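Residue-level listing of the chains:
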Amino acid sequence: MPDSQPQPPKNPGGDATPPDAPPGDGVLLLCGARLADGRTVDVRLSDGRIEAVGTAGSLAPGPRVDLGGYLLLPAPAEPHAHPDTALTADAEGPAPHTAQDVQRRATEAALLQLGHGATALRAHVRIGDVQGLRSLEAVLQARRALRGLTDLGTVAVPRLLTGAAGADGLAMLRDAVKMGAAVGGCPDLDPDPIGYAELALGVAAEHGCPVDLHTDADDPARLARLAAMAGGLRPGVTLGPCGGLARMPYEPAARAAERLAAAGVTVACLPQGDCGTLEQRGARVSTCAPVRLLRAAGVRVTAGSGALRDAANPVGRGDPLEAAFLLASRGELRPDEAYEAVSGRARAAMGLPEVRVEAGFPAELLAVRGERIEGVLSLAYSRLVIHRGRVVARTSAVREYCDTSAAAALELPRQSSRGGEPS
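The structure contained in this document is the topic of the report that follows. Because the structure is predicted, anything quoted here is derived from the model rather than measured.

Notes on the sheet that holds strand β12 (residues 266–269)
One open sheet holds the eight strands; their spatial order is β6-β7-β8-β9-β10-β11-β12-β13, and the pairing between them is parallel. Looking at the sheet topology across the chains shown, the edges are occupied by β6 (78–81) and β13 (300–303). Along the sheet, successive strands turn relative to each other by an average axial angle of 25°, direction set aside. Direction of pairing for strand β11 (residues 237–241) relative to β12: parallel, over a ladder of two bridges. Within β12, the residue paired with L239 across the bridge is V267.

Written out as structure tokens, the structure reads:
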């Protein structure tokens, strides 16, 4: 039996799975999958959950997917995406922001990240200015169109909140929360950063919804105030990308990390690059937050993709396994910890239920060709994605070499188009 039971979503609004989202139809048997602990098992899925896990060949037959040669893992989630501006790097001139354009980009970006394995996504969407709430409405429309394929939660990001100039932003933020969005924003861009944070946290407290704020976290005093205000707020507060912490001297950075830990704040770092929300003020946000220092202080850390081929990062991939690879390759986390940062930690930050490859847990799974997590993070080419008990995406990669006597003599492994893919 698992030592903790699966829990329902914690957070009202924001990222919780819609109650009317359809589970997978019928029963599906995943055969011969390797788990992270080295076991080879069969896994039976039913009604969107894991019904049973047993030794290979021990479960009743039925519709099946052969996962021999694949590592089966809890699916990743994407805690920090900007689908309203995604895929605009190649646009000639300003990117169009009609409702149709935003919906198309958000849908395409969500499907791209689903193909990588992320079965849940938190979309930070700008509100206010000339766009008003139109971009948010378009992303919510994309969410409805993607129902059953992926869970897409939204965070409303107003430009200003304080003073006379911020009155419209504050009113729109309240309207956005009523539409189902979590509270977001960027205090760093407001003339009164502390006042902005107070207003954002106040709206969240009124409505009992999550808070996810952008900050470079390069001002220790301001960060301490923000942590003090966030402490005790439920459902919870996430800050990101917090690259400024990495540019601080060690002692003030360590003290800031301790304050964040005491306040129960989660940090969402962006190891794949920055996002455009902070770039507007010229901040050096491409620096990744000091994950090892934060973890040593007890801060919960997750990792997101940030910009996806837009003005802030024209080469973004939106791949959670790449984010985990970068954290591991830089020595910030062990490979298993790095994967947990983009899976379990990401789901917790988004208020989604825990996933384990154990009976009773949600069937949100990713199968990647490989035997160990280290290899999966290094060469994650072929993938199979399961959302609510149903296969929703496949990526198949075939690598072949021309015939050589050296390859034959060494008996090098070779994938061919006639085998090696799940069926």
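Focus on the nonpolar core
Membership of the largest hydrophobic core comes to 81 residues, with the highest contact counts inside it found for V183, L239, L245, L260, L294 and L327. Among the nonpolar cores identified, the runner-up in size contains 19 residues, and L30, L67, A363 and A367 belong to it.

Quick look at the pattern of salt bridges
Counting across every chain of the model gives 18 salt bridges. One salt-bridge network, in which partners are shared between bridges, spans R295, R334, D336 and E337.

Concerning the packing of helix α5 (residues 220–230) against helix α7 (residues 250–263)
Running from N to C, α5 and α7 cross one another at 10°; their axes reach a closest spacing of 8 Å. In terms of orientation, α5 and α7 fall into the roughly parallel class. Contacts between α5 and α7 involve L223, A224, A227 and A230 from the former and A256, R259, L260 and A263 from the latter. Classifying every residue of the contact of α5 with α7 gives seven nonpolar, no polar and one charged.

Here's the deal with the packing of helix α1 (residues 99–116) against helix α2 (residues 134–145)
Viewed as axis vectors pointing N to C, α1 and α2 meet at an angle of 45°, and their least axial separation amounts to 8 Å. Accordingly, the angle class assigned to the pair α1 and α2 is oblique. The two elements α1 and α2 cross, and the hand of that crossing is right-handed. When α1 is examined against α2, the residues A99, V102, Q103, A106 and T107 are found in contact with a partner set consisting of S135, A138, V139, Q141 and A142. Across the contact of α1 with α2, the residue classes break down as six nonpolar, four polar and no charged.

Quick notes on the rules
Residues numbered from 1 in each chain as written. Predicted model: local features only at pLDDT ≥ 70, side-chain atom pairs only at ≥ 80, totals over all residues. Heavy atoms only, no water. Pairing = 2+ DSSP bridges. Helix = DSSP H or I, 4+ residues; strand = E, 2+ residues; numbered from the N terminus. Axes fitted to C-alpha atoms, helices over the stretch in contact; angles between N-to-C directions. Core = buried A, V, L, I, M, F, W, Y, C linked by side-chain atoms within 4.5 Å. Buried < 20%, exposed > 50% of the residue type's maximum accessible area, 1.4 Å probe, protein only. Salt bridge = Lys/Arg side-chain N within 4 Å of Asp/Glu carboxyl O. Parallel < 35°, antiparallel > 145°, perpendicular 65-115°, else oblique. Contact = heavy atoms within 4.5 Å. Nonpolar A, V, L, I, M, F, W, Y, C, P; charged D, E, K, R; others polar. Left-handed = near helix turned anticlockwise from the far one by under 90°.

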